[in-house]
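If you want the building blocks of each chain, they are given just below.
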Protein chains: 2
Amino acid sequence: MEQPSTIASPRGAAAATIEEVAARAGVSRSTVSRVLGGGDRVSPAALESVRRAIDELNYVPNRAARSLASRQTLAIALVVPEDTTRFFGDPFFASLVTGINEKLASTDYLLNLFIASGDPGDKTTNYLVGGNVDGALIASHHASNTFLERIHRAVPVVFGGRPLVADLSGYYFVDVDNVEGARIGTRHLIDRGHRRIATITGPLDMPVGSDRLQGFRAEMAAAGLKPGPAEDGDFTVDGGTEAMQRILAAGVPEAVFVASDLMARGAIGVLRAAGLRVPEDVAIVAFDDSPVATTMTPRLTTVRQPSREQGEAMVDVLLARLAGAEPPHTTILHTELVIRETA
Amino acid sequence: MEQPSTIASPRGAAAATIEEVAARAGVSRSTVSRVLGGGDRVSPAALESVRRAIDELNYVPNRAARSLASRQTLAIALVVPEDTTRFFGDPFFASLVTGINEKLASTDYLLNLFIASGDPGDKTTNYLVGGNVDGALIASHHASNTFLERIHRAVPVVFGGRPLVADLSGYYFVDVDNVEGARIGTRHLIDRGHRRIATITGPLDMPVGSDRLQGFRAEMAAAGLKPGPAEDGDFTVDGGTEAMQRILAAGVPEAVFVASDLMARGAIGVLRAAGLRVPEDVAIVAFDDSPVATTMTPRLTTVRQPSREQGEAMVDVLLARLAGAEPPHTTILHTELVIRETA
DNA sequence: ATGAAAGCGCTAACAT
DNA sequence: ATGTTAGCGCTTTCAT
């Protein structure tokens, strides 16, 4: 060991620089840089000695310097404009992140996750706009316009879900056909012979929320039925509970189309507490097909949303853009009905 | 515009540089830099014109350049060496992240989250070692030594839980007193008059796993009781299910100390399926006091672990180190028993 | 209070 | 195949 262990300070030993590696290997900076870049146009001898020097010095290139010079970071941000409770509570994010992570694992890009709830000081935004990542994935939902637009202007972005902006042109996003999904789910209820059908929606200021309500209404209309009450369940278990209570207060429906599995869980709890059987007294079709759909009893009949594939598709589109290709601005994924026990 | 707009590419308009801001404001780079740094030793007039220029140009400092020069990034990494399933499935991480996030929100530091499951190419490690963050928080668990040590050597690190390294000296960590917690939980079972007590453990290659088993055994020994079977439930619902099945196969215990809420959920499912009542036939004390403890029926009697406080404490220690202070290497948090319905 | 000048550690032409 | 030369955009002495 030639390096004395200087490590009494918080940061470890002063990091070796490319210059030191070059000196030790008896070559120039450029040669070391070439080795770092894949070892092309480097003699076997030089390559060997550089590699050894890197090893001995425990050298890792300084990324700030590297990105400053090369204008790329090899990092991709996933921004989730939600608070931690929602982020961890909603299984949608788990699948989305899983899809993204897996797709990115085989590339040189590293995924940075930002849980940017309120972020008063715009720390996250400045970080992204400041050139710290090559591209960003945003699980849009109900983020404020300025926030989205600032990032979108500075760095290639792909949205998960339809971004909430005035003018969609120029934006890239991967969305699920929520209108279609809601129609499929509602249709199943109608096919089962139900007529008085209520719905529990997500927040209507979110595209996912309003799209699913729209699908519900469209399908009811197509069947010549008058839609029952629609109550906002906030995409949470508790919200679903309260929404169901409000619906019940107005009379017991034959069936309920619930716009997420989580809300369905809350709703079913209320139904049972009221002595109503599912599906015998009230049938339920939910939306998501997340793990809770099979974990709870009775197991949910639900509209499957391909969240993981959505994550993968987002990465595909972003990577294509970063590679200079021209992927389609809009990618739409489809849903399918999974019939289990609640309808 | 002296620079031709080469940017038909994905990224938006070329970002303004400090030089352009200076020119527009009619001052030097240095003055702009001072304004950026807080506006000290700058005349009101200059300050005003620089601010306007920044605004008009939509200027955001390039962070790579800034960190290269200033040797700090204002970013802090949270590294979770787990796969996404575990990360999202275990409520422990949700509270930990919540605590960390909240504590960091009021500082200038930005939290970068890395879900570094396998990471074959060491992308995450190189990112951290490459100086991309000022410090790192690691939810340690069962990460490989080399991984932890490489990061620890390069950047100030604080671990959540006791890191799995040969020599603990030099490491900073915030841990929960798991031995004590397990003793408290086990004691409660003994106090209730139970004698034949089994345990479902976490993986024993994790400090949390072995500590809780050790506490269970210590308390049983202190009471002069022979510990019942111990089965590894992997800290998951399914693992808990299987562990309980193995225990049952060897005979029905009077009580089980289960080292996590999630595993208790699986275990109770098995018990009920076997026609056994909880707590009448088999009493259960779990560990965590996560949201599932009150969500399920019956509600869990469990040892409360302050995960959120743990996250906050981790940030405190790291921030202290970054500020040049000398916080204690070890911080131990305590547990308390929460009595509900299962014991 | 302000500017000039010297890097931070790296990549990327451009020579050779 | 290798070295030389410029920067990348910023902070930071050091003068003034």
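Residues numbered from 1 in each chain as written. Chains lettered and ligands numbered in written order. Predicted model: local features only at pLDDT ≥ 70, side-chain atom pairs only at ≥ 80, totals over all residues. Heavy atoms only, no water.

### Remarks on the pattern of salt bridges
For clarity, the cut-off: Think of a salt bridge as a Lys or Arg side-chain nitrogen and an Asp or Glu carboxyl oxygen that are within 4 Å of each other. Helix numbering and strand numbering both begin at the N terminus, where a helix is a DSSP run of H or I of at least 4 residues and a strand a DSSP run of E of at least 2. Only protein chains enter the accessibility calculation, which uses a 1.4 Å probe. A residue is then buried if its area is under 20% of the maximum for its type, exposed if over 50%, and partly exposed in between.
Per the counting criterion, the structure on display carries 37 salt bridges over all chains. Here D234 of chain A makes a salt bridge to R86 of chain A, at a shortest N to O gap of 2.9 Å. One end of the pair, D234 of chain A, is in the loop between β7 (230-232) and α11 (237-249); the other, R86 of chain A, is in helix α5 (residues 84-89), with 148 residues separating them in the sequence. R187 of chain B is the salt-bridge partner of E219 of chain B, the closest N and O atoms lying 2.5 Å from each other. Of this pair, E219 of chain B sits in helix α10 (residues 207-222) while R187 of chain B is found in helix α9 (residues 178-191), placing the two residues 32 residues apart along the sequence. Residue classification places R187 of chain B among the partly exposed positions, given a relative accessible area of 42%. Linked by salt bridges that have partners in common, R162, D175 and D211 of chain A make up one network.

### Let's talk about the protein's contact with DNA strand D
The following threshold applies: Each residue is tested against the molecule or strand, and it is near if at least one of its non-hydrogen atoms lies within 4 Å. By the criterion applied in these results, polar contacts are pairs of N or O atoms within 3.5 Å in which, for protein atoms, one can donate a hydrogen and the other can accept it, and in which residues neighboring in sequence qualify only through two side-chain atoms. Three classes are used: nonpolar for Ala, Val, Leu, Ile, Met, Phe, Trp, Tyr, Cys and Pro, charged for Asp, Glu, Lys and Arg, and polar for all others, with Gly counted as polar.
Taken together, the neighbourhood of DNA strand D is formed by 26 residues, with S30, S43 and R71 of chain A together with I18 and Y59 of chain B sitting nearest. Protein-proximal atoms of DNA strand D, defined as those within 4 Å of the protein, fall in sugar or phosphate at a share of 57%. Taking Y59 of chain B, its side chain carries an N or O atom lying 2.6 Å from a phosphate oxygen of DNA strand D. One nitrogen or oxygen atom from the side chain of R66 of chain B is found 3.1 Å from a phosphate oxygen belonging to DNA strand D. When contributions to the surface near DNA strand D are tallied by element, the ones reaching two or more residues are α2 (29-36) and α4 (63-70) of chain A together with α2 (29-36) and α4 (63-70) of chain B. A breakdown of the residues in the surface near DNA strand D according to their chemical character gives eleven nonpolar, nine polar and six charged.

### Topic: the domain arrangement of chain A
Quick note on the threshold: Here the bounds of each domain stem from an automatic or database domain assignment.
Domain boundaries in chain A define domain 1 (18-70), domain 2 (75-176 + 308-334) and domain 3 (178-305). The centre of domain 1 of chain A, based on its C-alpha atoms, is set 34 Å off from the matching centre of domain 2 of chain A.

### Digging into the UniProt feature "domain: HTH lacI-type" (unreviewed entry) in chain A
Basically, it comes down to this: UniProt positions are given in the numbering used here, feature names are shortened, and annotations may be inferred rather than shown by experiment.
Look at the UniProt record and you will see "domain: HTH lacI-type" (unreviewed entry) annotated at residues 16-70 of chain A. For residues 16-70 of chain A, helix accounts for 69% and strand for 0%, while the C-alpha atoms at its two ends are 20 Å apart.

### Some words on helix α14 (residues 307-322) of chain B
All names here are of chain B. Condition: Given a helix with a known number of residues, its expected span is that number minus one, times 1.5 Å. Whether two residues touch is decided by their heavy atoms; if any such pair falls within 4.5 Å, the residues are in contact.
Helix length check: α14, at 16 residues, gives a terminal C-alpha distance of 23 Å against a target of 22 Å (1.5 Å per residue), a fit within 8%. Of the positions making up α14, those classed as buried are S307, Q310, G311, A313, M314, V315, V317, L318 and R321. If you follow the buried residues of α14, they end up packed against β1 (75-80), α6 (91-105), β3 (135-139), β4 (157-160), β5 (173-176) and β11 (330-333). Of the residues one or two after α14, G324 is the one with positive phi, at around 90°.

### Examining the relation of the copies chain A and chain B
So the rule is basically this: Here the copies are superposed with least squares, the fitted atoms being C-alpha atoms of residues at a pLDDT of at least 70 in both.
Note on the identical chains: chain A maps onto chain B by a rotation of 180° and an axial translation of 0.1 Å, with an RMSD of 0.1 Å. Overall, the copies show the geometry of a two-fold rotation axis. A shared interface surface links the copies, since 98% of the contact residues of chain A are contact residues in chain B too.

### What about the protein's contact with DNA strand C?
Near DNA strand C, the surroundings consist of 27 residues, among which I18 and Y59 of chain A together with R34, S43 and R71 of chain B are the closest. The contact atoms of DNA strand C, taken as those within 4 Å of the protein, divide so that sugar and phosphate hold 60%. Contact between DNA strand C and S30 of chain B: a base nitrogen at 2.7 Å from a side-chain N or O atom of the residue. Between a phosphate oxygen of DNA strand C and a main-chain N or O atom of S43 of chain B, the distance comes to 2.6 Å. Mapped onto the surface near DNA strand C, the elements with two or more residues apiece are α2 and α4 of chain A together with α2 and α4 of chain B. Among the elements that take part in the surface near DNA strand C, α2 of chain A stands out by supplying five residues, more than any other.

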